[in-house]
Amino acid sequence: MNQIEAQHFIPKSQASVDDGSKLPDDWLGQVTATLCKSAAADANPKLGHGTSAGSHPFPLGNLSFQEEDRKGSAWELKFNHPLRTTTVDKISMLKIGFINQMVSGQWQSEKEKEKAIDDWLPITSSRNAKWWYSAFHNVTAMVGAGVLSLPYAMSELGWGPGIAVMVISWIVTLYTLWQMVEMHEMVPGKRFDRYHELGQYAFGEKLGLYIVVPQQLIVEVGVCIVYMVTGGRSLKKFHDVVCSDCKQIKLTFFIMIFASVHFVLSQLPNFNSISGISLAAAVMSFSYSTIAWVASVDKGKQEHVEYGYKSDTQERTVMRFLAALGDVAFAYAGHNVVLEIQATIPSTPEKPSKKPMWKGVIVAYIVVALCYFPVAFVGYWAFGNGVEDNILVSLSRPHWLIAMANMMVVVHVIGSYQIYAMPVFDMMETVLVKRLRFPPGLTLRLITRSAYVAFTMFVGITFPFFGGLLSFFGGFAFAPTTYFLPCIMWLAIYKPRRFSLSWITNWICIILGVLLMILAPIGALRDIIGNIIDKQYKFYQ
């Protein structure tokens, strides 16, 4: 199909065509004939020689209409194609109107279909969110159950490097999150509602997809699997603490119980419909984080506590240090859904969505700081390098408090799972409806979303040690999408002056992010191989 790119299709009161729009062939010949007969031959006889109705004397693949100047009732248009540029002057409004009449009916019907699909898809179906929606959505996405492993990461990093990594990560990720909020509406009249749409604008249609979508899917699907296992483990821990004399139940069944909730919740259509769940999850995440560090303070500094590296060899110390960097990267994974969250906020030229979104982000990052830093630092202070990879395990008493904290984790990961699953649902439904031409509706949504929940449940049951792979995924996929991909997009789109403050800042973030992406998986892979050799990973627990 030939493609006509139009910046302005005249007159503006009638149908308008956006850049890169594809139009059907049945009117293309008529447009070609009209243009050739009316003006092309006069402007350049060589191009117009032998022209007849329904034919075109030069390639239309890159033909573009560009409004240059209005002279009375005439317009000046430019025809651009790979071989030459020809200017056709003074085409009457009658002829332009004739072209519009041919196009408008078919084009409007196509636009209406497209709008109906967008109104059905989960990311673009509702745009009435308030600023506080973005606050608790970001808290739910960011403050995952990974916060409970931060004291363990500190024990592998040590006081100096640990504090530095935590604080620098907080600053860098806040900066890159600001960049994404700013870039959401960088093109007037257009919103980049999805991470890959921004990537396509920065890197090109195909390259942007290849760069962003695989990494985004690794993060979002990986987090959903981890939360499936985390939810099951927390349910099992709650059961074992409350009923210590009861018969032991396999972790598999608790994961299935946790998944059964998502078979129902996954049918909620969009972000705004899960706002209540997200709010509850945000409150729970702050609550169990507070329980973790307050209980650590109450327990006090343990006897014979040590703060040195506990590995017996220098090689293992280095590898665990690198793996801990991946754990920290996993803790700051909220960027993968930030554009999708901002897409739910209404926007006008007078009141762009970035203002309420940024207000919500500031509140969210204050909450993140209040959760991450006390848990990491106080937990490490209390237990030293003997802290468990889940701080709640080290805090074995009082039983009722630990049971309550584990149930809070369950509520939180229910909300977090839905936050990270929604962009995946959007990708699946977009492909099925727009490319494969499935009719949108309840049946399609029921099948696709249930299949996704079943898939994450199956992987979680099969690989209950999936959380042990977090360090690897944290460096491999979480670091690019969070630490430096937004900076690369910023440089590609805005092109700041070389050695300016913006240019230097972005390159510092890129270098730090690339180092994190390279080093963290090395240490994590070493740990994974060691655990496989020691047979610590067991399937179907």
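This one's a predicted model, so the numbers in the text were calculated from it and none came from an experiment.

Thresholds applied
Residues numbered from 1 in each chain as written. Predicted model: local features only at pLDDT ≥ 70, side-chain atom pairs only at ≥ 80, totals over all residues. Heavy atoms only, no water. Helix = DSSP H or I, 4+ residues; strand = E, 2+ residues; numbered from the N terminus. Buried < 20%, exposed > 50% of the residue type's maximum accessible area, 1.4 Å probe, protein only. Contact = heavy atoms within 4.5 Å. Areas by Shrake-Rupley, 256 points an atom, 1.4 Å probe, with all protein chains shown as cover. Disulfide = S-S within 2.5 Å. Salt bridge = Lys/Arg side-chain N within 4 Å of Asp/Glu carboxyl O. Core = buried A, V, L, I, M, F, W, Y, C linked by side-chain atoms within 4.5 Å. Patch = residues over 30% accessible without salt bridge, like charges linked within 9 Å, V, L, I, M, F, W, Y side chains within 5 Å. Phe/Tyr/Trp six-rings, centres within 6.5 Å; stacked < 30°, edge-to-face > 60°. Lys NZ or Arg CZ within 6 Å of the ring centre and 35° of its normal.

Q: It is not clear to me how the overall build of the protein should be interpreted in this structure. Could you clarify?
A: Counting its regular elements, the protein contains 18 helices and five strands. Across the 541 residues of the protein, 53% fall into the buried class. Long-range contacts, defined as pairs at least 24 residues apart, comprise 78% of the intrachain contacts of the protein with a sequence gap of at least 6. Surface accessibility of the protein: about 24500 Å² in total, with carbon and sulfur atoms responsible for 63%.

Q: Is there a simple way to explain the state of the cysteines in this structure?
A: Here is the idea: a disulfide is a covalent bond, and it sits between the sulfur atoms of two cysteines. Applying the stated criterion across every chain yields a total of one disulfide. Here C243 engages in a disulfide with C246; their sulfurs sit 1.3 Å apart. The chirality of the disulfide connecting C243 with C246 is right-handed, given an S-S dihedral of about 50°. On the basis of relative accessibility, which here comes to 22%, the residue C243 falls in the partly exposed class.

Q: Can you walk me through the pattern of salt bridges in this structure?
A: If the charged atoms of two oppositely charged side chains come close together, the side chains can form a pair. For the structure on display, the rule yields 10 salt bridges. A salt bridge links E185 to R191; the nearest nitrogen and oxygen atoms lie 3.8 Å apart. R191 gets classed as buried once you look at its relative accessible area, which sits at 16%. The partner of E197 in a salt bridge is R194, with the nearest N and O atoms 2.9 Å apart. Both residues of the pair, E197 and R194, belong to the buried class.

Q: Looking at this structure, I do not really get the nonpolar core. What am I missing?
A: Residues M166, Y332 and Y372 are the most contacted members of the largest nonpolar core, which totals 121 residues. The dominant element in this core, judged by the number of residues it contributes, is helix 13 (residues 354–383), at 16 residues. When residues no more than four places from it in sequence are discounted, the contact partners of Y332 are M142, M166, S169, W170, T173, Y365, V368, Y372, F373, T482 and Y483. Counting six residues, the second-largest nonpolar core is a separate cluster that includes I117, L121, L432 and V433.

Q: I'm lost on a nonpolar patch on the surface in this one. Help?
A: A cluster of nonpolar side chains, namely W507, I511, L515, I518, L519 and I522, defines an oily patch on the protein surface of about 520 Å² accessible area. Following the sequence through the fold, L515 ends up in helix 18 (residues 501–533).

Q: Would you take a moment to explain the packing of aromatic side chains for this structure?
A: Remark: the centre distance and the inter-plane angle together describe each pair of aromatic rings, the angle taken between the planes. Using the criterion set out here, one finds 16 aromatic pairs in the structure. Relative to W132, the ring of W131 has its centre 5.9 Å away and its plane inclined at 80°; by these criteria the two rings are edge-to-face. Measuring from centroid to centroid gives 6.1 Å for W503 and W507, while their planes differ by 55°, and the two rings are tilted. With W503 and W507 both in helix 18 and four residues apart, this pair spans about one turn of that helix. Cluster of aromatic residues (ring-pair linked, three or more members): W131, W132, Y133 and F136. Over the face of the ring belonging to W120 we find R445, whose NZ or CZ atom lies 4.3 Å from the ring centre.

So far we have only geometry, and geometry alone does not tell us how the molecule works.
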